[in-house]
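Single-letter residue listing:
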Amino acid sequence: MAKSMTSGRILPLILEFSVPLLLGNLVQQTYNFIDAAIVGRTLGENALAAVGGTASVQFLVLGLCIGLCMGFSIPVSQHFGAEDYDGMRSYIFHGYVLAAIFAAGLTASTTLFCGPILRLLQTAPEVYADAHSYLSVIFLGIPFAILYNLTSSILRAVGDSRTPFAFLCVSAVLNIVLDFLFIMAFGLGCMGAALATVLSQGVSGGLCLLYMRRKFDILRLQKVNCIWVGHRAKKLLNMGLPM
């Protein structure tokens, strides 16, 4: 349910909104830790080194996705607070388009340069193959990470920080289950751990999108909202890229 942040007692509003946001950011950082812990227990120390050695790159990419999507949501929250819902929906449309372009470009470039990235990190030869298979799948799953972060940022822009956090918790539990399934049952090794992470992120993003469509009438795009306006796209980029 949409909730105005412009009326009511300030401190309770801030705490109610910010605590789930903070916890959600922490949970998002656990994907790689969970993968590394389960891989280390089931596949041994070389596999653990392969997954753990990619953590810095994974956090960098995740940080780019989080920052960009949070920036895109700022004009959405401004127009929601001003009760300019047509303007709000127009910025949501532009955010979707720009996020899709960014996802395609980032996915293509990181996947293409996965090998050089690992060599730049001086990945040991004995773990290179596992690290490459793990990181390649993570890179291919970037659109799912952007989907979750954009939809969750839009929900937060209209005052709902609890629902994205709840869906993220479901995703974290699903990641653990899929890790064991793909590694132990299907024998997919490090690539299975990455698949578990990517699919879990996709589920959390899909749940946020479905929740938005079913529970927030004001977030449903109309045909009139889906018209490209250059200055609105520029404003989103001016917000999202610095973040």
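Scope of this entry: the structure provided in the associated data block. All values derive from a computational prediction rather than experimental measurement.

1. Let's talk about empty space enclosed by the protein
As enumerated under the stated definition, the model contains one cavity of 30 Å³ or more in all. Lining the largest cavity are 13 residues, with Gln 58, Leu 62, Ile 138, Ala 145 and Gln 201 positioned closest to its centre. Only helix H2 (30-43), helix H4 (55-81) and helix H8 (142-157) provide two or more residues apiece to the lining of the largest cavity. Here the lining of the largest cavity takes four residues from H4, the largest share from any one element. Of the residues contributing to the lining of the largest cavity, the split by class is seven nonpolar, six polar and no charged.

2. A few points about the packing of aromatic side chains
Under the defined criterion, the tally for this structure stands at five aromatic pairs. On the basis of an interplanar angle of 40° and a centroid distance of 6.3 Å, the ring pair of Phe 80 and Tyr 85 is categorised as tilted. Ring geometry for Phe 167 versus Tyr 211: centroids 5.9 Å apart, planes at 75°, classification edge-to-face. With Phe 167 in helix H9 (residues 162-185) and Tyr 211 in helix H10 (residues 189-215), the pair connects residues that are 44 residues apart, well separated along the chain. Judged by its relative accessible area of 17%, Phe 167 falls in the buried class.

3. Description of a nonpolar patch on the surface
On the surface, a cluster of nonpolar side chains totalling about 560 Å² of accessible area is made up of Leu 11, Leu 15, Val 19, Leu 22, Leu 23 and Leu 26. Relative to the assigned elements, Leu 26 resides in helix H1 (residues 10-28).

4. Some words on unusual backbone geometry
The phi dihedral of Glu 83 falls on the positive side, at around 60°, and the residue is not glycine. Classification of Glu 83 by relative accessible area gives exposed; the value is 59%. Positioned with a positive phi, Gln 122 is a non-glycine residue whose angle comes to about 55°. On the secondary structure map, Gln 122 appears in the loop between helix H6 (114-120) and helix H7 (125-140). The exposure class assigned to Gln 122 is exposed, which follows from its relative accessible area of 70%.

Rules and cut-offs
- Residues numbered from 1 in each chain as written.
- Predicted model: local features only at pLDDT ≥ 70, side-chain atom pairs only at ≥ 80, totals over all residues.
- Heavy atoms only, no water.
- 1 Å grid on protein atoms, 1.4 Å probe; cavity = no way out; pocket = protein on both sides within 12 Å on 5 of 7 lines; lining within 4 Å.
- Points joined across faces, edges and corners; volume = space filled by probe spheres on them.
- Helix = DSSP H or I, 4+ residues; strand = E, 2+ residues; numbered from the N terminus.
- Nonpolar A, V, L, I, M, F, W, Y, C, P; charged D, E, K, R; others polar.
- Phe/Tyr/Trp six-rings, centres within 6.5 Å; stacked < 30°, edge-to-face > 60°.
- Buried < 20%, exposed > 50% of the residue type's maximum accessible area, 1.4 Å probe, protein only.
- Patch = residues over 30% accessible without salt bridge, like charges linked within 9 Å, V, L, I, M, F, W, Y side chains within 5 Å.
- Areas by Shrake-Rupley, 256 points an atom, 1.4 Å probe, with all protein chains shown as cover.
- Salt bridge = Lys/Arg side-chain N within 4 Å of Asp/Glu carboxyl O.

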